[in-house]
Structure formats: structure tokens, C-alpha cells
Amino acid sequence: MIRSKELDKIAIDDIKHKSKIRIGFSEFSKKLYENTKNKILKELNASEKDWNNPKWQLKNRISNVDEILKYTDLTNEEYENIKNVSEKYRFAITPYYFSLIDFDNPNCPIKLQSIPNIKEFEESGLLDPMNEEQSNPSGRITRRYPNKLIINVTNACPMYCRHCQRRRLIGEFDKNTSKKEIDESIDFIRNNPTIREVLITGGDALLLTNEKLEYLFSNLSEISHVEILRIGTRTLVTLPFRIDEELAFLLRKYKVNVATQFNHACEITPEAVRAIDILVDHGILVRNQMVLLHNINDDKYCIQKTNEELQKYRVIPYYLFHPKDVKSTKHFQVDISKGLEIMKHLEGRTSGMCKPTYVYNSPLGLGKVPLVPMENIEHDETRYKFITWENKTVKKE
């Protein structure tokens, strides 16, 4: 009972801190969403059926500052800043994701990920930090590992994240990879029996039509040495209406795993969970690849709460990515020590199913490096010393 009371004290303290994290299922979030949604529907003379249509959502993306002004007040400075940044770095936000923004909170995680920020004019960083342009042996492939590779199938996304690692590819127009380059990519894989896993990404791969996706899946599935197909998408977060029974059946047919990116608990909404349920109920593995971002989620309780919400809705926390040194994203950078502090906090305080692997992507495409708190283990020739999650020391001879 003494030990149980010690653990209760820790748990109660965690619950107190986690309760301050905004979640997508809170009454505040639901009310905010409905209010903005109704404003947009009224402005566009649209219906609930339109709102739930992914094509309508894409057609009506908010993509200039004057459209933002229709739904919220902006100071003259905010207006000019957004206008000036967007002239250099394009933005587009689905009405759905826009409706999650709390404009009264300057540090709203949705706002910081989607609305252009004057800090983007700080242009330190690299256009292509992962050296993808030099890791392309054929077609639209990126290859950084011996037995797996990426096919980039589009530059289009429902919403252009301000921290995007491929913002160099966004350009002025959405453009899918040509069939010629897709076929070249498939031929390269067919002729290289070392490749067992293929990740289809972009942009957002689920902005391709089901017909184009099936073309990819069917051709890749016919290659005997390709054992695993994965697809990278943020539609669960930014355009959940794209996920329907037809798509889920297609993904199940070809046994395609899904990698997505929820970065904050407030993105896990009823609409997002409906999309998750459709996929998981069809037996599709959904894993989350979160990016550690300053002022968005670089807080140990935020990371804990977000991953626990994901676990609750059957999404596996997979990676916590240290932010890449992408040009004009310096304001999102976090010191590695902060990430290690967060990972140390998660030890013992949450389920092992809620703990992602914290990774640093090496520059020049040299691959991921797992980052772990090094003080956890010490050893010499005769014994090991371990530090537990409560900073207690145990030894093994």
C-alpha cells in the first residue's frame, strides 16, 4: 500500500498536467469547430453533404489572407505578415483543418502548423536537408537504405504544413508524378531484388485517385521480392473525409500499412477518429510519426497525452522525429536535450504502447539515428548499472 500510494502521487500529478492539454474531443474544441464550420458553410452557401466531401474540401481550401479575414479578425500587422510570407511560400488549408484553429490563442498548435508566419523569412537551413535529390536512382525514387525505398507520387497535400520537410517541392501548383516516372520507379524496383519494402508518399499519397493507387499497388504487389507496402498520408489529420470504405477495402486488398502524422492531441477529433476506425476496422495497421516542434508539442505532458489519445483510438505511436533543418523553419527547431527529457519522462509514466522511438534524421540522407537518454545505463567489465524511471539505481553483476 505504501508503494501504491507513491505511484498514485505520481499519476495524479501527471493527470493534473495532462488535463491542461487541449484535445480534439473537448467541449471547447467541438464548439470552436462547429462555429467556424458554420461560418464557412454560410459564406460558401454549402451544405453538410458538401462539407463531408473531400473534393469540396480541396476545391475550397483557404489559400490567401483575404479568405482568412472572412472568418476571423486580423490586425494590420498580421494581415501584412501573412500576405508577404504567402507570396513567397504558398499555403493552403482545408476548411476542416482551418475550423480547428483557435485564433484567440497565438500558440494554437493548428494555427502554427498551417498559417504563414513572419519567422519564415529567417532563411537559415537547407532546401533539401535529406539530400533526396541525390538519392534518386530512377523515376521518382528516394533510396537511403539497402532494402527499402520511397516513391514520391505527388507534390500535393490537403494542407501545406509550415514545417514541411519537402517545402521545396510545393511550388505554385499541385502536380502528380507522371505515369512515365511511376513506371520507371516500378521497373527499378522490379529489377532490384534487394528491395522488400516500398513507401508511397509525396506530398500526400492519398490525394491520388483510387484508380491510380490501385495501379501502383497492383504492379508493386506482383513483384515477388516486395513484401511490404506502406503509404504516407496526413489526410487523417487534415482531410479525414478522404477515408471511406472503398479506400479502406483497397488498402486491405493489397495489405498496405498506413503511416500518418498527428502532432498534437487537439488534432485527434471525432472526424479523425471516424477515419481511423474505418481503417483499423478493416485490419489496416496505422502508425503515427510525430514531429517534435517548438511551441507546438515540445512539452513532456503534451507528448504523453497525444500518444495516449492515439493509443486509445488504436493508432500506434511509432516515431518522434527530431525536426529537420529545413530552410525557413528555424522557429520550429528544438534542442535534442528537450527530446531526451521528454523520452525520459515517458519511461514508467505511460504504457510501452505509447512510447515512440525518438529519432534524428542524419543530414545528406545517411538515415535515422535512435536517440535515447544515455544516463540510463553505465557498465564496466564486471557489472552494469541501470537508472530506473524514478532515478533509482539498480546493478547487475
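Residues numbered from 1 in each chain as written. Predicted model: local features only at pLDDT ≥ 70, side-chain atom pairs only at ≥ 80, totals over all residues. Heavy atoms only, no water.

Details of the packing of aromatic side chains
Pairs of aromatic rings are described using the distance from one ring centre to the other and the angle between the two planes.
Line of reasoning, step 1. This structure, assessed with the given rule, holds 10 aromatic pairs.
Line of reasoning, step 2. With a centroid separation of 5.9 Å and an interplanar angle of 65°, the aromatic rings of Tyr 71 and Phe 98 are classed as edge-to-face. Placement of Tyr 71 in the loop between helix 5 (65-69) and helix 6 (76-88) and of Phe 98 in helix 7 (residues 95-98) is noted, with a sequence separation of 27 residues between them.
Line of reasoning, step 3. Of the residues examined, Phe 98 reaches a relative accessible area of 0% and is grouped as buried.
Line of reasoning, step 4. Taking 5.2 Å as the distance between ring centres and 45° as the angle between the ring planes, the aromatic pair formed by Tyr 319 and Phe 321 counts as tilted. The exposure classification of Tyr 319 matches that of Phe 321, with both residues buried.
Line of reasoning, step 5. Taken together, the aromatic side chains of Tyr 33, Trp 51, Trp 56, Tyr 96 and Phe 241 make up a single cluster linked through ring pairs. (Phe/Tyr/Trp six-rings, centres within 6.5 Å; stacked < 30°, edge-to-face > 60°. Helix = DSSP H or I, 4+ residues; strand = E, 2+ residues; numbered from the N terminus. Buried < 20%, exposed > 50% of the residue type's maximum accessible area, 1.4 Å probe, protein only.)

What about the side chain of Ser 29?
Line of reasoning, step 1. Assignment of secondary structure puts Ser 29 in helix 2 (residues 27-43).
Line of reasoning, step 2. We classify Ser 29 as buried; its relative accessible area is 4%.
Line of reasoning, step 3. Within polar-contact distance, the side chain of Ser 29 engages the backbone oxygen of Ile 23 at 2.8 Å.
Line of reasoning, step 4. Excluding anything up to four places from it in sequence, Ser 29 contacts Arg 22, Ile 23 and Gly 24. (Polar contact = N/O pair within 3.5 Å; in protein donor to acceptor, adjacent residues only side chain to side chain. Contact = heavy atoms within 4.5 Å.)

Observations regarding the pairing of strand 12 (residues 393-396)
Line of reasoning, step 1. Judged from the four bridges that link them, strand 11 (residues 384-387) and strand 12 form a sheet pairing that is antiparallel. Within strand 12, the position partnered with Ile 387 by the bridge is Thr 393.
Line of reasoning, step 2. The antiparallel hairpin formed by strand 11 and strand 12 contains five residues in its connecting segment, where Asn 391 sits at a positive phi of about 65°. (Pairing = 2+ DSSP bridges.)

Considerations on helix 13 (residues 270-281)
Line of reasoning, step 1. In this model, helix 13 (12 residues) spans 16 Å end to end at C-alpha, consistent with the 16 Å of a helix rising 1.5 Å per residue.
Line of reasoning, step 2. All of the buried residues along helix 13 are Glu 271, Ala 272, Val 273, Ala 275, Ile 276, Ile 278, Leu 279 and Val 280.
Line of reasoning, step 3. Where helix 13 is buried, its residues contact helix 2, helix 7, helix 11 (235-238), helix 12 (245-253), strand 5 (256-260) and strand 6 (286-291).
Line of reasoning, step 4. Gly 283 sits one or two residues past helix 13 and shows a positive phi near 80°. (Expected span 1.5 Å × (residues − 1).)

Remarks on the sheet that holds strand 10 (residues 377-379)
Line of reasoning, step 1. One open sheet holds the three strands; their spatial order is 10-11-12, and the pairing between them is antiparallel. Both edges of this open sheet fall to strand 10 and strand 12, since each of them pairs with a single strand only. Averaged over all pairs of adjacent strands, the angle between strand axes in this sheet comes to 20°, irrespective of strand direction. (Axes fitted to C-alpha atoms, helices over the stretch in contact; angles between N-to-C directions.)

What about the layout of surface pockets?
Line of reasoning, step 1. Estimates place the volume of the largest pocket at around 710 Å³.
Line of reasoning, step 2. As for the largest pocket, its lining consists of 30 residues, and the residues nearest its centre are Glu 78, Asp 102, Phe 103, Pro 106 and Lys 111.
Line of reasoning, step 3. Residue assignment for the lining of the largest pocket shows that the elements contributing at least two residues are helix 2, helix 6 and helix 8 (109-114).
Line of reasoning, step 4. If you tally residues by element for the lining of the largest pocket, the top one is helix 2, at five residues. (1 Å grid on protein atoms, 1.4 Å probe; cavity = no way out; pocket = protein on both sides within 12 Å on 5 of 7 lines; lining within 4 Å. Points joined across faces, edges and corners; volume = space filled by probe spheres on them.)

Describing the packing of helix 9 (residues 179-190) against helix 10 (residues 210-221)
Line of reasoning, step 1. Across the interface, helix 9 lies against helix 10 with an axial gap of 10 Å and an inter-helix angle of 20°. With respect to helix 10, the axis of helix 9 lies roughly parallel. The two elements helix 9 and helix 10 cross, and the hand of that crossing is right-handed. In this structure, helix 9 uses Lys 179, Ile 182, Asp 183, Ile 186, Ile 189 and Arg 190 to contact helix 10, whose residues at the interface are Tyr 215, Leu 216, Asn 219 and Leu 220.
Line of reasoning, step 2. For the contact of helix 9 with helix 10, a count of residues per class yields six nonpolar, one polar and three charged. (Parallel < 35°, antiparallel > 145°, perpendicular 65-115°, else oblique. Left-handed = near helix turned anticlockwise from the far one by under 90°. Nonpolar A, V, L, I, M, F, W, Y, C, P; charged D, E, K, R; others polar.)

Thoughts on the nonpolar core
Line of reasoning, step 1. Counting 74 residues, the largest nonpolar core has Ile 189, Val 198, Phe 217 and Leu 220 as its most contacted members.
Line of reasoning, step 2. Of all the elements, helix 13 adds the most residues to this core, at seven residues.
Line of reasoning, step 3. Those residues within four positions of Ile 189 in sequence are excluded, and the remaining contacts are Ile 141, Leu 149, Ile 151, Ile 195, Val 198, Leu 220, Ile 223, His 225 and Val 226. (Core = buried A, V, L, I, M, F, W, Y, C linked by side-chain atoms within 4.5 Å.)

Some thoughts on the sheet that holds strand 2 (residues 148-152)
Line of reasoning, step 1. Strand order in this open sheet of nine strands is 1-2-3-4-5-6-7-8-9, and the pairing throughout is mixed. Two strands close off the open sheet at either side, each with one partner strand: strand 1 (141-142) and strand 9 (367-370).
Line of reasoning, step 2. In this sheet, strand 9 lies alongside strand 8 (residues 357-362) in antiparallel orientation, the contact comprising four bridges. By the bridge assignment for strand 9, Tyr 360 is matched with Val 369.
Line of reasoning, step 3. Docked against the sheet, helix 9 engages strand 1, strand 2 and strand 3 (197-201), running at close to 170° with respect to strand 2.

Considering empty space enclosed by the protein
Line of reasoning, step 1. As enumerated under the stated definition, the model contains two cavities of 30 Å³ or more in all.
Line of reasoning, step 2. The space that makes up the largest cavity amounts to roughly 970 Å³.
Line of reasoning, step 3. Of all elements in the fold, only strand 2, strand 3, strand 4 (228-232), strand 5, strand 6 and strand 7 (316-321) reach the threshold of two or more residues within the lining of the largest cavity.
Line of reasoning, step 4. Here the residues of the lining of the largest cavity sort into 21 nonpolar, 17 polar and 10 charged.
Line of reasoning, step 5. Of the pockets and cavities examined, the second largest cavity occupies roughly 80 Å³.
Line of reasoning, step 6. Residue lining of the second largest cavity: Glu 132, Glu 133, Asn 136, Arg 140, Ile 141, Thr 142, Asn 152, Arg 166, Arg 168 and Leu 169, and that is the complete set.
Line of reasoning, step 7. Broken down by class, the residue content of the lining of the second largest cavity amounts to two nonpolar, three polar and five charged.

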